[in-house]
Amino acid sequence: MGARPDHLTLLDLVRGHARDRGDHAAVVVVPEAGERRTLTYAELDARAAALAADLVARHEPGDRALVLYSATESFVVALVGCFAAGLVPVPSPLPGGQAYQRERVRGMLADCDAAAVLVDPTAAAETQEWARPLRRADGRPVAVTVLDAATATATSTTDAVAAPTRHDHRPAPQDAAFLQYTSGSTSRPKGVVVTHANVLHHHDAFTTALGLTPDDVFCSWLPGYHDFGLVGMLLVPLGLGATAVMVSSTSFLKRPVRWLSAMTQTRATVTASPNFGYDQCTRRVRDDQLADLDLSRLRWALNGAEPVDAAVLEAFTRRFEPVGFRGSAHGPGYGLAEATLTATYPDRSRPLVVTVDDAALRDGRLVVLDEESGLSAVPGEQVVPVAPDAGPQDAAADAGAGLGTARTGTRLVCCGVPHGVELRLVDERGETVPDGTVGEVWLRGGAVASGYWGASGAEATAETFGATAADGTGPWLRTGDLGALHDGQLVVTGRIKELLLVAGRNLYPYDLERELRALHAGAEGRPGAVFEAEGLPGALCAVQEFRPTPGARESGGDELDDAVRRMASHLASVSGAAVHDVVLVRPGQVPRTTSGKIQRGRARDLLGRGDLAELHSLRASRGRARTDHAGTRP
Amino acid sequence: MTSPRPDSFDDLVLRHVAAALGVEPGAVDPAADLTGLGLGSVQVLALLGDLEDALGVDLDPETVADNPTPRALAEHLRSVVDVPGTAA
């Protein structure tokens with residue numbers, strides 16, 4: 001790949017595949033019902049060219065076009081059509097039925113001053129109605145273009161259609177390829193400007209690091225407006241000349257088995273999902289559904305976009321090894337939209353999981369007690385040293401039982417080695433920290449984007465993309481993520497903003513949350529949030545989703561009492577901090593971003609306003625009980 | 001596929017909603033919004049998937065936006081499921 005001329009873009013690669021392997025499937029759509037549909041590279045190129053001709057006739061080069069995501073081939077045609085027309089596609093969810101969803105899409109459209117909205121025919125009517133009152137910054141209406149699969153041409157709401165002659169636009173490497181809006185848990189959405197040069201630089205790193213070929217088949221349920229879905233599961237296969245299989249996220253969330261069935265039917269070799277997707281499969285795929293599955297061709301089950309949990313990887317392997325899944329396919333990585341997608345890639349020659357000393361980690365040091373290279377599917381075979389507190393039973397038994405004094409370990413999943421970027425871990429002065437010391441992840445290189453879109457993003461661009469290291473080098477991308485290097489691999493330990501500084505210790509909410517949900521069957525696998533109590537620095541609050549044992553209504557009060565006290569006890573003994581409250585809430589109450597990240601600040605606000613549906617709380621249990629010591633063992 | 005009696009749709013919906021919320025079916029208010037009861041979007045889709053499996057019908061993701069309470073959802077299911085012996 002190194003011999004590729006510098007002036008090429010992803011569009012040139014796609015056109016090359018149309019020429020050289022035009023009959024090869026570029027996109028396969030697996031609908032919720034009915035037959036699979038295939039779009040070949042030749043068809044993709046022809047439809048994209050027709051769309052580009054239409055877009056060029058009515059828009060200026062560099063105009064932004066919101067491309068609304070449906071899990072259909074038209075989404076991919078729209079992306080490539082925009083590249084070919086010199087427009088900047090902005091992948092977006094459909095405006096949707098809920099007010100907050102419409103507000104979010106309207107916010108993106110306004111921020112990038114989009115000239116056009118491209119939409120699949122299946123969502124045309126509601127999109128046209130939604131867009132009718134919208135105006136650009138200069139007062140012009142926003143044009144809606146319906147991507148018509150049947151006639152392979154685009155029909156637009158405005159103007160006459162130009163003759164579908166091929167418009168031979170060639171984007172330059174430094175041109176924006178697309179804008180990637182980030183979930184932005186706390187602030188308003190920011191659009192990362194990803195250039196064509198970024199895309200190809202990332203493409204080369206991604207395909208080389210993972211050993212991917214044009215014969216690979218990628219299959220994903222991730223939506224195309226998410227960086228993992230867009231770059232990893234669509235643009236990478238398109239650049240390779242490989243096949244991208246699309247399963248709708250709705251279909252997956254209704255029945256996780258559909259993702260696995262699609263992989264079976266299309267003989268997929270590469271897939272990707274955040275941690276929670278693998279967890280959903282383990283929990284919700286039924287025994288009688290296993291017989292039709294065959295995951296033996298899967299080479300990579302990539303995992304990112306949220307912290308990776310070793311227990312989830314193990315459970316997935318255990319559940320699906322009988323249908324051919326290999327544990328060695330697990331590929332946890334680290335990345336962010338600001339670096340196009342992936343910064344560190346799995347490396348099978350290095351350990352997958354490390355067990356690190358809890359006390360040292362709280363002091364910002366990674367002291368590795370044990371390494372595991374592969375995850376065994378056989379329970380009991382793995383070697384777990386030094387009083388682990390990861391297993392539910394162990395954790396329940398150990399809760400409050402001297403955890404403050406015993407040397408305990410936490411299992412962390414390694415996120416691989418950097419490719420295509422230079423990676424440093426730095427302290428607050430911008431000094432590189434020694435290996436094994438926790439620092440902020442800084443990145444630079446060809447895959448690092450140029451910044452956020454527009455004047456509104458200028459301040460955030462300077463802050464995030466313009467860091468200077470203590471040695472004078474820069475600009476560096478500050479990720480806000482914390483991690484340490486172990487044997488060349490990045491081990492992510494948390495987020496700077498979510499770091500809890502209590503009782504003189506650094507605590508990572510992820511860890512406390514994982515420990516709390518392992519304490520009781522009713523909390524197992526359910527999200528929770530740990531944060532500092534409002535107005536009480538150094539005191540912790542936990543909000544944990546909880547499902548009481550069905551049918552245990554009589555003893556329900558005792559069960560809830562028991563759970564909040566166990567959790568409070570654990571928090572108090574591990575952190576050394578006061579526990580202000582532990583609140584058990586109904587499933588679905590802990591706020592998360594669309595990509596599943598826990599919103600701790602919002603959880604704190606909701607709790608403060610009394611807006612959470614509480615099942616029980618530590619404070620309520622205190623009122624009922626004789627003792628009021630949070631840290632007392634049950 | 002099962003062939004539920006028309007009045008059993010309410011029970012079916014309440015049973016599934018209660019399971020997702022972790023409460024007894026009797027504790028679910030049939031007139032309350034599902035989101036207000038605490039169901040997140042992922043759980044709503046899982047609920048629709050379960051109801052589809054139970055009834056052999058296809059349910060649009062917007063079904064819950066249009067029929068936000070257990071009672072309205074049951075009414076909707078009654079209208080889309082072909083119940084043997086009840087056709088006019």
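Computed from a predicted structure; not experimentally measured.

Calculation criteria
- Residues numbered from 1 in each chain as written.
- Chains lettered and ligands numbered in written order.
- Predicted model: local features only at pLDDT ≥ 70, side-chain atom pairs only at ≥ 80, totals over all residues.
- Heavy atoms only, no water.
- Helix = DSSP H or I, 4+ residues; strand = E, 2+ residues; numbered from the N terminus.
- Buried < 20%, exposed > 50% of the residue type's maximum accessible area, 1.4 Å probe, protein only.
- Contact = heavy atoms within 4.5 Å.
- Areas by Shrake-Rupley, 256 points an atom, 1.4 Å probe, with all protein chains shown as cover.
- Pairing = 2+ DSSP bridges.
- Phe/Tyr/Trp six-rings, centres within 6.5 Å; stacked < 30°, edge-to-face > 60°.
- Lys NZ or Arg CZ within 6 Å of the ring centre and 35° of its normal.
- Axes fitted to C-alpha atoms, helices over the stretch in contact; angles between N-to-C directions.
- Arc of directions from axis to C-beta.
- pLDDT = per-residue confidence, 0-100.
- Parallel < 35°, antiparallel > 145°, perpendicular 65-115°, else oblique.
- Left-handed = near helix turned anticlockwise from the far one by under 90°.
- Nonpolar A, V, L, I, M, F, W, Y, C, P; charged D, E, K, R; others polar.

Observations concerning the overall build of chain A
Phase 1: When helices and strands are tallied, chain A shows 19 helices and 31 strands.
Phase 2: A buried classification covers 57% of the 634 residues belonging to chain A.
Phase 3: Partitioning the contacts of chain A with sequence separation of at least 6, the portion at a separation of at least 24 is 72%.
Phase 4: A total of about 24,700 Å² of accessible surface is found on chain A, and carbon and sulfur atoms cover 49% of it.

Observations concerning the overall build of chain B
Phase 1: Helix and strand counts for chain B stand at five helices and zero strands.
Phase 2: Secondary structure of chain B in N-to-C order comes out as α-α-α-α-α.
Phase 3: The buried share among the 88 residues of chain B stands at 45%.
Phase 4: Look at the contacts in chain B between residues 6 or more apart in sequence, and 56% of them connect residues 24 or more apart.
Phase 5: Summing over all exposed atoms, chain B offers an accessible surface of approximately 4,200 Å²; the carbon and sulfur share of this is 52%.

Remarks on the pairing of strand β5 (residues 116-119) of chain A
All names here are of chain A.
Phase 1: Judged by which residues are buried, β5 turns out to be covered on both faces: Ala116 and Leu118 on one side and Val117 and Val119 on the other are all buried.
Phase 2: Bridge analysis of strand β3 (residues 64-68) against β5 gives three bridges, and the strand direction is parallel. Bridge pairing in β5 links Ala65 to Ala116.
Phase 3: Pairing geometry for β5 and strand β6 (residues 143-148), over four bridges, is parallel.

Things to note about the packing of aromatic side chains
Residue and element names in this part refer to chain A.
Phase 1: Enumeration over the complete set of coordinates arrives at 12 aromatic pairs over all chains.
Phase 2: When the ring of Tyr69 is compared with that of Phe75, the centres are 4.8 Å apart and the planes differ by 85°; the resulting orientation is edge-to-face. Here the two residues Tyr69 and Phe75 agree in accessibility, since each one is buried.
Phase 3: Within the aromatic cluster, the residues linked to one another by ring pairs are Trp221, Phe252, Trp259, Phe276, Tyr278, Phe316, Phe320 and Phe325.
Phase 4: A cation sits over an aromatic face here: Lys190 above Tyr452, 5.3 Å from the ring centre.
Phase 5: Above the ring of Trp300, the side-chain terminus of Arg348 is found at 3.7 Å from the ring centroid.

Describing the sheet that holds strand β12 (residues 270-273) of chain A
All names here are of chain A.
Phase 1: Strands sit in the order β2-β1-β11-β10-β12-β13-β14 across an open sheet of seven strands; the sheet is mixed. Only two strands of the sheet have a single neighbouring strand rather than two, namely β2 (37-40) and β14 (330-332). Sheet twist, expressed as the average angle between the axes of neighbouring strands with direction ignored, equals 20°.
Phase 2: Bridge count for strand β13 (residues 300-303) against β14 is three bridges, and the pairing is parallel. Bridging from a neighbouring strand, Ala301 pairs with His330 of β14.
Phase 3: Helix α10 (residues 275-284) contacts β12 and β13 of the sheet and is inclined by roughly 100° relative to β12.

Some points on helix α18 (residues 600-608) of chain A
Residues and elements named next belong to chain A.
Phase 1: Of the positions making up α18, those classed as buried are Arg600, Ala603, Leu606 and Leu607. Angular distribution of buried residues about the axis of α18 spans 120°; they occupy a single face of the element.
Phase 2: Elements that come into contact with the buried residues of α18 comprise α16 (509-517), β28 (528-532), β29 (539-545), β30 (578-585) and β31 (614-617).
Phase 3: Downstream of α18 by one or two residues, Gly610 has phi in the positive range, about 70°.

Digging into the environment of Asn67 of chain B
Residue and element names in this part refer to chain B.
Phase 1: With respect to the element layout, Asn67 can be found in the loop between α4 (63-66) and α5 (70-80).
Phase 2: Taking the C-alpha atoms as reference points, Asn67 and Asp33, separated by 34 residues in sequence, lie 8.8 Å from one another.
Phase 3: Filtering out sequence-adjacent residues up to four positions away, Asn67 remains in contact with Ala72, Leu73 and His76.

Describing the confidence of the model for chain A
Parts of the prediction with low pLDDT should not have their coordinates interpreted in detail.
Residue and element names in this part refer to chain A.
Phase 1: The share of residues in chain A with pLDDT of 70 or more is 84%, and the mean pLDDT across the chain is 85.
Phase 2: In the model, residues 158-164 has pLDDT below 50 throughout and makes 10 contacts with residues more than four positions away in sequence or in other chains.
Phase 3: Under a pLDDT of 50 for its full length, residues 377-405 has, in the predicted model, 48 contacts with residues more than four places off or in other chains.

Let's talk about the sheet that holds strand β17 (residues 353-357) of chain A
The strands that make up a sheet are held in pairs by hydrogen bonds between backbone atoms, and each pair lies either parallel or antiparallel.
Residue and element names in this part refer to chain A.
Phase 1: Read across the sheet, three strands follow the order β18-β17-β19 without closing on themselves; strand pairing throughout is antiparallel. Each edge of the open sheet carries a strand with a single partner, namely β18 (368-372) and β19 (409-413). Within this sheet the neighbouring strands show an average axis-to-axis angle of 25°, counted without direction.
Phase 2: Inspection of the sheet shows β17 paired to β19 by five bridges, in the antiparallel sense.

Some words on the packing of helix α1 (residues 10-20) of chain A against helix α2 (residues 41-58) of chain A
Residue and element names in this part refer to chain A.
Phase 1: Two numbers describe how α1 lies on α2: the axes approach to 8 Å, and their chain directions differ by 130°. Here α2 runs oblique to α1, going by the angle between their axes. Judged by the sense of rotation from one axis to the other, the crossing of α1 with α2 is left-handed. Contacts between α1 and α2 involve Val14, Arg15, His17 and Ala18 from the former and Tyr41, Ala42, Leu44 and Asp45 from the latter.
Phase 2: Split into classes, the residues belonging to the contact of α1 with α2 amount to five nonpolar, one polar and two charged.

Some details on the packing of α2 of chain A against helix α3 (residues 73-85) of chain A
Residues and elements named next belong to chain A.
Phase 1: At their nearest, the axes of α2 and α3 sit 7 Å apart, and the two run at 55° to each other. In terms of their interaxial angle, α2 and α3 are classed as oblique. Crossing of α2 over α3 shows right-handed handedness. Contacts between α2 and α3 involve Leu44, Arg47, Ala48, Leu51, Ala52, Leu55 and Val56 from the first element and Glu73, Ser74, Val76, Val77, Ala78, Val80, Gly81, Cys82, Ala84 and Ala85 from the second.
Phase 2: Considering only residue class, the contact of α2 with α3 consists of 13 nonpolar, two polar and two charged.

Quick word on the pairing of β2 of chain A
Residues and elements named next belong to chain A.
Phase 1: Across four bridges, strand β1 (residues 25-30) lies against β2 in antiparallel orientation. Paired with Val27 across the strands is Leu39, a residue of β2.
Phase 2: Where β1 folds back on β2, the antiparallel hairpin that results is connected by six residues, among which Gly34 adopts a positive phi of roughly 95°.

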